[in-house]
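# Overview (structure and organization)
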Amino acid sequence: MSERSDTSHGFGRALVAVYAVFALAASARSIYQLIAKVDSDTAVPYVLSAVAGVVYVVATYALATNRHRLAVVTIGIELAGVLVVGLLSLLDHDLFPDETVWSDFGRGYGFIPLVLPIVGLWWVRRSASPR
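Not measured: the values here are computed from a predicted model.

## Brief notes about the packing of helix 2 (residues 43-64) against helix 3 (residues 68-91)
Relative orientation of the contacting elements helix 2 and helix 3 amounts to 150 degrees, with a least axis distance of 8 Å. In this view, helix 2 runs roughly antiparallel relative to helix 3, as classed from their interaxial angle. Every pair of crossing elements has a handedness; the one defined by helix 2 and helix 3 is left-handed. For the pair helix 2 and helix 3, the contacting residues are L48, V55, Y56, V58, A59, Y61, A62 and L63 in the first and L70, A71, T74, I75, I77, E78 and V85 in the second. Considered class by class, the residues forming the contact of helix 2 with helix 3 number 13 nonpolar, one polar and one charged.

So this is what it looks like as structure tokens:
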């Protein structure tokens, strides 16, 4: 009988913890920005930060509960978001007058937002395959 890796031990637990930290950080940052700092020029980056926060929350839930399909979809959205927002923020700084979690490929967060979805997708693929 084959066993599946899950997030209750080892690397899976650490990955869930990192996602949880990003869920909290991105959500808290976006709530603060939307309440205290939003104006017509910064609405787009602050809403994108809120979207990133929601994506991290759902990805954390999916990883923590071994919902592999949901994790793949959510982490795929995360990867697409960080690549698109990262590229656009480098090409046209006027689009993002204030940083988002995904601006400049997550430079403000040590590029972890760029690496995290790649690691997350690898883990989901690894944990979904029989051992």
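## With respect to helix 4 (residues 112-128)
Taking 1.5 Å per residue, 17 residues should reach 24 Å; helix 4 reaches 23 Å between its end C-alpha atoms and fits that length. Within helix 4 the residues assigned to the buried category are P113, L116, P117, G120, W123, V124 and S127. One side of helix 4 carries all its buried residues, which in axial view fall inside an arc of 130 degrees. Here the buried face of helix 4 lies against helix 1 (10-37), helix 2 and helix 3.

Conventions adopted
- Residues numbered from 1 in each chain as written.
- Predicted model: local features only at pLDDT ≥ 70, side-chain atom pairs only at ≥ 80, totals over all residues.
- Heavy atoms only, no water.
- Axes fitted to C-alpha atoms, helices over the stretch in contact; angles between N-to-C directions.
- Helix = DSSP H or I, 4+ residues; strand = E, 2+ residues; numbered from the N terminus.
- Parallel < 35°, antiparallel > 145°, perpendicular 65-115°, else oblique.
- Left-handed = near helix turned anticlockwise from the far one by under 90°.
- Contact = heavy atoms within 4.5 Å.
- Nonpolar A, V, L, I, M, F, W, Y, C, P; charged D, E, K, R; others polar.
- Expected span 1.5 Å × (residues − 1).
- Buried < 20%, exposed > 50% of the residue type's maximum accessible area, 1.4 Å probe, protein only.
- Arc of directions from axis to C-beta.

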